[in-house]
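Below, each chain spelled out in residue letters.
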Amino acid sequence: MRTSLNVSEDILDEFDETWQAEGLDSRSRAIREAMQEYIEGHSQLEEVSGDVVAVLAFDYQHHEVIHDLHSAQHQFQDVIETMSHTHQGDWCLETVFCHGDAARIRELVYRLRDFDGVGRVKTMLLRSAT
C-alpha cells in the first residue's frame, strides 16, 4: 500500500543518513522496519500481564512538566523502585526502574506519554511472568 506523511526536513535527513549507513536497500524498507519495531514495542507492553520488571526512559522539558511529573511519579511509587536523572540544558533524561503489576506499569507509561513536555517514552521489559 502506498501512503504519504509529513516529516520535517531535518528528521528526514537524519532518517535517510541512518538507513543508508545501515546498508538498507531503500527508505521504504527502513520505514517498514521502523513501523514493525514500533508495533512490537507497543504490542509487547499491551500483551504482558502479571508481575514484571521494566525500565522506562523518557526525555522531557524540565520547566514545562517537572511539577506534574513529580506528582505522577508519587502516584506510582507502588511500582517505581528507583530513578536516575540527568539534565541536558532545558531537557532532562529520566530512567525509571519499575517492578510490579504489568497493568500498573502500563498505566504509568500512558500517564507519562500524556504530558506535552515529554518527548519520548521508551519501555524495556526485563522479565515477565507470562
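Since this is a predicted model, take the numbers as computed values, not measurements. (Residues numbered from 1 in each chain as written. Predicted model: local features only at pLDDT ≥ 70, side-chain atom pairs only at ≥ 80, totals over all residues. Heavy atoms only, no water.)

**Observations regarding the overall build of the protein**
Helix and strand content of the protein: four helices and four strands. Mapped from its N terminus to its C terminus, the protein presents α and β elements in the order α-α-β-α-β-β-α-β. Out of the 130 residues belonging to the protein, those deemed buried represent 30%. Considering only contacts within the protein whose residues lie at least 6 apart along the sequence, 69% involve residues at least 24 apart. Surface summary for the protein: the accessible area is close to 9,000 Å², and the carbon and sulfur share equals 48%. Where the 11 positive side-chain charges of the protein centre and where its 25 negative ones centre are 6 Å apart. (Helix = DSSP H or I, 4+ residues; strand = E, 2+ residues; numbered from the N terminus. Buried < 20%, exposed > 50% of the residue type's maximum accessible area, 1.4 Å probe, protein only. Contact = heavy atoms within 4.5 Å. Areas by Shrake-Rupley, 256 points an atom, 1.4 Å probe, with all protein chains shown as cover. Lys, Arg positive; Asp, Glu negative; His and termini not counted. Charge placed at Lys NZ, Arg CZ, Asp CG, Glu CD.)

**Regarding the nonpolar core**
Among the nonpolar cores identified, the biggest contains 26 residues, and Leu 56, Phe 58, Tyr 60 and Leu 69 are the most heavily contacted of them. Elements with a contribution of two residues or more to this core: strand S1 (51-61), helix H3 (62-75), strand S3 (91-101), helix H4 (102-113) and strand S4 (118-128). Contacts of Tyr 60, omitting those with residues within four sequence positions, involve Val 65, Ile 66, Leu 69, His 85, Asp 90, Trp 91, Cys 92, Glu 94, Gly 117, Val 118 and Gly 119. (Core = buried A, V, L, I, M, F, W, Y, C linked by side-chain atoms within 4.5 Å.)

**Some thoughts on a nonpolar patch on the surface**
Where nonpolar side chains cluster on the molecular surface, the patch consists of Leu 5, Val 7 and Ile 11 and spans about 280 Å² of accessible area. Structurally, the position occupied by Leu 5 is in the segment before helix H1 (9-21). Taking relative accessible area as the criterion, Leu 5 reaches 56% and is therefore assigned exposed. (Patch = residues over 30% accessible without salt bridge, like charges linked within 9 Å, V, L, I, M, F, W, Y side chains within 5 Å. Salt bridge = Lys/Arg side-chain N within 4 Å of Asp/Glu carboxyl O.)

**Regarding the UniProt feature "domain: Ribbon-helix-helix protein CopG" (unreviewed entry) in the protein**
Those places that UniProt annotates as "domain: Ribbon-helix-helix protein CopG" (unreviewed entry) correspond, in this numbering, to residues 1-40. Helix makes up 68% of residues 1-40 and strand 0%, and the two end C-alpha atoms of the span are 20 Å apart. (UniProt positions renumbered as here; feature names shortened; annotations may be inferred.)

**A look at the pairing of S3**
Pairing between S1 and S3: 11 bridges, direction antiparallel. Within S3, the position partnered with Gln 61 by the bridge is Trp 91. Where strand S2 (residues 80-88) lies against S3, eight bridges are found, and the strand directions are antiparallel. Its bridge partner lying in S3, Ser 84 is registered against Thr 95. Once S2 ends, the chain turns through two residues before running back antiparallel as S3, passing Gly 89 with a positive phi of about 70°. (Pairing = 2+ DSSP bridges.)

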